[in-house]
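A closer look at the structure
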Amino acid sequence: MDLDDIATRLGVPVEDVDRVHRLAGDHPSAPVPARADAPALLDRLAVRPDDAAEILAGWPDPDSSQWTPELRWLLDRSIALVRADLGGHEWLPPGPVLPRERGPAWRHLYVYTYLALVEVVREYHRDHGVPDTVSWLTLADLGRNLAIDRRMRGEGWSVMQSWLTLHVRGSVYELGRLQHHRGGTAIELHIPDSGPLTPAAVEASLDEARAFFPRHFPDEHYPAFACGSWLLDPQLREYLPADSNIVRFQRRFELEPYQEPDGLDADVEVVRFVFRTLTTPLDQLPRDTVLQRAVIDHLKAGRHWRWCRGRFPIEPVR
């Protein structure tokens, strides 16, 4: 198919289509699971019934009228693009942001990409001796992110679709309370929306990671845990109690000198994570918790949040 024609039919810039074509090259794709197997798979991936129903409604069956030639091309090449970087650890957009209001096939195209790669990455996990329980717990972040996107009325997916390519390339592993991201100069910590960030839960997750990576990736050596997050912003200590879970999490890290991150607005990210919205005016946001009140009052005072980076040695101090 002609790339200009594909871009026009998809309603996206031709540069985005060219990127997919270039990165996918002639690499092989992978089949989307059979529709008959989809309900059990979606349940295994913690996809809620309302999201599962939409995904099934847009399923790329051969005779589906929703799946135009350009959509089928994009799905095939998106799968190939992500699969070609199996084992990679950088954020990887799987394709252009699509006009999701055009129907479930458009809305969930990159979910089908993810589903096609589940068995690919599970084979990668098996090759590294990763337990099946860790594989499924990690991959079930799909359901969590779909639920968040639904809560955000579709405002969050453009970020999430790139984030989830880390899981199906074998880069991120959910070990207890934290997600651990391998492949750089340190194990990067991510904090999923999955309950209190208690010191005991954090320490148990770190201990699990200390054993996990030497066992399953013995050729990789990480001297430190690292994290980049608004949760590390020292300004939070002006609002939160000293014994709060967030402040105690911060105290684990030695912060790097602050640098404004490229392409990331910390104010937007704080509101995204605390309130799960990007468009609600400050005056209409809830003030039910200390953290919610802190975020709102800080911004209404004309101040800004910071996305800070820090690290600490991977070996605990004895």
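Structure report, in brief.

So, the environment of Leu-75
With respect to the helices and strands, Leu-75 occurs in helix H5 (residues 69-83). By relative accessible area, which is 7% here, Leu-75 ends up buried. Setting aside residues no more than four positions away along its own chain, Leu-75 makes contact with Val-32, Pro-60, Trp-67, Leu-109, Tyr-112 and Thr-113.

Points about the environment of Asp-262
Turning to its location among the elements, Asp-262 is positioned in the loop between strand S5 (254-255) and helix H13 (266-275). Judged by relative accessible area, Asp-262 falls into the exposed class, the value being 78%. Sequence separation between Asp-262 and Leu-10 is 252 residues, and the spatial gap between their C-alpha atoms is 29 Å.

A closer look at the pairing of strand S3 (residues 187-190)
Burial along S3 is two-sided: Ile-187 and Leu-189 and Glu-188 and His-190, pointing in opposite directions, are all buried. Pairing between strand S2 (residues 178-181) and S3: three bridges, direction antiparallel. Bridge pairing in S3 links His-180 to Leu-189. Taking the residues that link successive antiparallel strands as the turn, the S2-S3 hairpin has five residues, and the phi of Gly-183 there is positive, at about 115°.

Notes on the nonpolar core
Membership of the largest hydrophobic core comes to 55 residues, with the highest contact counts inside it found for Leu-45, Ile-55, Leu-115 and Leu-142. Here this core gets eleven residues from one element, more than from any other, and that element is helix H7 (residues 109-127). With near-sequence residues (within four places) excluded, Leu-142 lies in contact with Leu-45, Val-47, Val-111, Tyr-114, Leu-115, Trp-157 and Leu-164. Leu-189, Val-202, Phe-217 and Phe-225 belong to the second-largest nonpolar core, a separate cluster that totals 24 residues.

Section: helix H8 (residues 132-139)
Within H8, the full set of buried residues consists of Val-134, Ser-135, Trp-136, Thr-138 and Leu-139. On the buried face of H8, the contacting elements are helix H3 (38-44), H7, helix H9 (141-151), strand S1 (172-175) and helix H11 (199-216).

Scoring rules and cut-offs
- Residues numbered from 1 in each chain as written.
- Predicted model: local features only at pLDDT ≥ 70, side-chain atom pairs only at ≥ 80, totals over all residues.
- Heavy atoms only, no water.
- Helix = DSSP H or I, 4+ residues; strand = E, 2+ residues; numbered from the N terminus.
- Buried < 20%, exposed > 50% of the residue type's maximum accessible area, 1.4 Å probe, protein only.
- Contact = heavy atoms within 4.5 Å.
- Pairing = 2+ DSSP bridges.
- Core = buried A, V, L, I, M, F, W, Y, C linked by side-chain atoms within 4.5 Å.

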